Amino acid sequence: MIKFSAKIQAIEYCLGEIKEDNLLLKRDNPDWRMDDIESKTGVSQRWICKDSTTAVDLACKACEEIFNKISKDKIDTLILVTQSADYFLPTSACILQDRLSLSKSTKCFDINLGCSGFVYGLSIASSFIESGLGSNVLLVCADTYSKYIDKHDRTNRPIFSDAASATLVVKSNQQDIGPFLMGTDGSGYNHLIVENGASKSKYSCVDGRPKLHMNGSSVFMFTISEIPHNINQLLKEANTKKEDVGMYIFHQASKIVLDSLKENLNIENNKFFYNSKYIGNTVSSSIPIALKEASNTSAISEGDLILISGFGVGLSWGSCLLNWREFL
Amino acid sequence: MINDAKVIEIISDALKLEKGSVSMNSSSQNTEEWDSLAHLSILVALDRYLEGRASKLTNLATATSVKAILEVFAKHGLRSDD
């Protein structure tokens, strides 16, 4: 399995402007049992962007924070992971290049993935660096799922937040990123879907806006049957014991999903990172935000072996190992 | 293997209902506590009892009644008579 001479050097993130706690959900939906919902989701507040704010706007803010650490002139590649594009076309990464005033020689493209998107994006960033195509890759994740969610949607509204993250991936003297193990099961495409608004629905929408639908049980069953197998396989192929991993940082789907994975994989509590209580599920940003918070709280430190895993919409999944290096 | 009484007991515990509140006729249609989130709790509990074998049965995702769950187990040779 391939390891890459690349490392994560900085992460910054930006949340939606409006804090939404569970009292607000209760006011909008008096019949919801919020204690029960919160105990299962693990989320007590979410961050929602204003109507006028898009994922590219959030991405800009996250990237500007990174430019306090590195000159934007040094960025040679910009990868934007998003399922909340500003337009069907052009590519939102191109719009972001212009908004950030990046050099015209910057390679910019979108990746249309959700919860697995950071891992896929990191594999591409690492590949660019390993091949010499890039030296300073800005991997940006940005989504505004709240724009797809009805305020009375009891499955999705308690969970999802809007956010963007920017991760600087650079060349390393050591093989700090990898290996990766990723997979896809498109037969489950309709378990988490925005069905309307695009080509298949002849561009029509219900009530004038596209709506997110999630079959929570089906996504859950996929997660607990597929992800432990993926992680065990990754560790086996990397000749790494479970105990050698210093921290497991998963996509912050919801507490019930994470608890099930932790139990299934028999991971000790002090090696399993949760941070969705006050942030929510930020889709592809959930892993980089968790990495940033784990670093800020010293839950991870220089030299630790980290296993990250993203899984969900598609159905798509990806896991990888990385050696943690102190931020710039 | 799992018998009918155990399935009912597990569902009852997952829904935090008293014994006797869940019967063979219970479903998400007639049991207020059995919503989509509660169904996840049922799936977790069944999978835990069956030591990971329930998570392989994707049909359980849409089996939102006691009878439907038992049918899935029967189909996969996991339903016990005793």
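Counting of residues starts from 1 at the beginning of each chain's written sequence and follows it residue by residue. The order in which chains are written sets their letters, starting at A; the order in which ligands are written sets their numbers, starting at 1. Reporting of local features is limited, given that this is a predicted model, to residues whose pLDDT is at least 70; pairs of side-chain atoms are given and counted only at 80 or more, and all residues count toward the totals for whole chains, interfaces and linings. Only hydrogens and water are set aside; all other atoms, that is, all heavy atoms of the structure, feed into the side-chain values.

Quick look at the packing of helix α6 (residues 216-237) of chain A against helix α2 (residues 36-49) of chain B
The description of two packed helices rests on the angle between their axes and on the distance between the axes.
Here comes step 1: Lines are fitted to the C-alpha atoms to define the axes, a helix being fitted only along its stretch in contact, and any angle between axes, read from their N-to-C directions, falls within 0 to 180 degrees. For the purposes of this entry, the term helix denotes a DSSP run of H or I that reaches at least four residues, the term strand denotes a run of E that reaches at least two, and both are numbered from the N terminus. Contact geometry of α6 of chain A with α2 of chain B gives a least axis separation of 9 Å together with a crossing angle of 30°. Compared by their axis directions, α6 of chain A and α2 of chain B come out roughly parallel. The element α6 of chain A and its partner α2 of chain B pack so that their crossing is right-handed. Within the contact between the two elements, α6 of chain A uses Gly216, Ser217, Phe220, Met221 and Ile224 of chain A and α2 of chain B uses Ser36, His39, Leu40, Leu43, Val44 and Asp47 of chain B.
Here comes step 2: Gly counts as polar in this scheme, as do all residues outside two lists: the nonpolar Ala, Val, Leu, Ile, Met, Phe, Trp, Tyr, Cys and Pro, and the charged Asp, Glu, Lys and Arg. By residue class, the composition of the contact of α6 of chain A with α2 of chain B is 6 nonpolar, 4 polar and 1 charged. An angle below 35 degrees is treated as roughly parallel, one above 145 as roughly antiparallel, one from 65 to 115 as roughly perpendicular, and anything else as oblique. Here a crossing is taken to be left-handed if its near helix is turned anticlockwise relative to the far helix by less than a right angle, and right-handed if that turn runs clockwise. Between two residues, a contact is recorded if the distance between any of their heavy atoms is within 4.5 Å.

Describing the pairing of strand β5 (residues 107-111) of chain A
Here comes step 1: At least two DSSP bridges between two strands are required for those strands to pair. For strand β4 (residues 77-81) of chain A and β5 of chain A, the ladder comprises 5 bridges, and the chain directions are parallel. Following the sheet pairing, Thr77 of chain A is matched in β5 of chain A by Lys107 of chain A.

Some remarks on the state of the cysteines
All names here are of chain A.
Here comes step 1: Two cysteine sulfurs form a disulfide in these notes if their separation is within 2.5 Å. A complete count under the given rule lists 0 disulfides over all chains for this structure.
Here comes step 2: Unpaired in terms of disulfides, Cys141 finds its nearest cysteine sulfur in Cys63, a separation of 10 Å.
Here comes step 3: Not part of a disulfide, Cys205 finds its nearest cysteine sulfur in Cys49, a span of 17 Å.
Here comes step 4: Note on Cys205: relative accessible area 34%, which makes it partly exposed. With a 1.4 Å probe rolled over the protein chains alone, any residue whose accessible area is under 20% of its type maximum counts as buried; one over 50% counts as exposed, and the rest are partly exposed.

So, helix α4 (residues 92-99) of chain A
Residues separated by three or four positions in an α-helix point in the same direction, a consequence of the helix having 3.6 residues per turn.
Residue and element names in this part refer to chain A.
Here comes step 1: Listed in full, the buried residues belonging to α4 are Ser92, Ala93, Ile95, Leu96 and Gln97.
Here comes step 2: Each element contacted by the buried residues of α4 is listed here: α3 (55-66), β4, β5 and β6 (136-143).
Here comes step 3: Count one or two residues on from α4 and you reach Ser101, which has phi positive near 55°.

Some thoughts on the sheet that holds strand β13 (residues 316-323) of chain A
Residue and element names in this part refer to chain A.
Here comes step 1: Reading across from one edge, β8-β13-β12-β11 is the order of the 4 strands in this open sheet, with mixed pairing throughout. Strands at the two margins of the open sheet, each flanked by one partner only, are β8 (177-184) and β11 (247-250). Between one strand and the next, the sheet's axes are offset by a mean angle of 15°, whatever the strand orientation.
Here comes step 2: Where strand β12 (residues 305-312) and β13 come together, 8 bridges link them in antiparallel fashion. When the bridges of β13 are listed, Gly312 appears paired with Ser316.
Here comes step 3: Packed onto the sheet, helix α5 (residues 117-131) meets β8, β12 and β13 and runs at close to 130° relative to β8.

Concerning the side chain of His39 of chain B
Here comes step 1: Mapped onto the elements of the fold, His39 of chain B is located in helix α2.
Here comes step 2: Polar contacts, as counted here, are pairs of nitrogen or oxygen atoms within 3.5 Å of one another; within protein the pair requires one atom able to donate a hydrogen and one able to accept it, and residues that are adjacent in sequence qualify only if both atoms are side-chain atoms. Side chain to side chain, His39 of chain B and Trp34 of chain B meet in a polar contact 3.1 Å long.
Here comes step 3: Among the polar contacts listed, one links the side chain of His39 of chain B to the backbone oxygen of Ala61 of chain B, at a separation of 3.4 Å.
Here comes step 4: In contact with His39 of chain B, other than residues within four places in its own chain, are Ser217 of chain A together with Trp34, Leu60, Ala61, Ala63 and Thr64 of chain B.

A short note on the nonpolar core
Here comes step 1: Here, the term nonpolar core denotes a set of buried Ala, Val, Leu, Ile, Met, Phe, Trp, Tyr and Cys residues that are joined through side-chain atoms within 4.5 Å. Judged by nonpolar contacts, the single largest core of 60 residues is most densely connected at Phe250, Leu307 and Phe311 of chain A together with Ile11, Leu60, Ile69 and Phe73 of chain B.
Here comes step 2: Filtering out sequence-adjacent residues up to four positions away, Leu60 of chain B remains in contact with Met221 of chain A together with His39, Leu43, Ala54, Ile69, Val72 and Phe73 of chain B.

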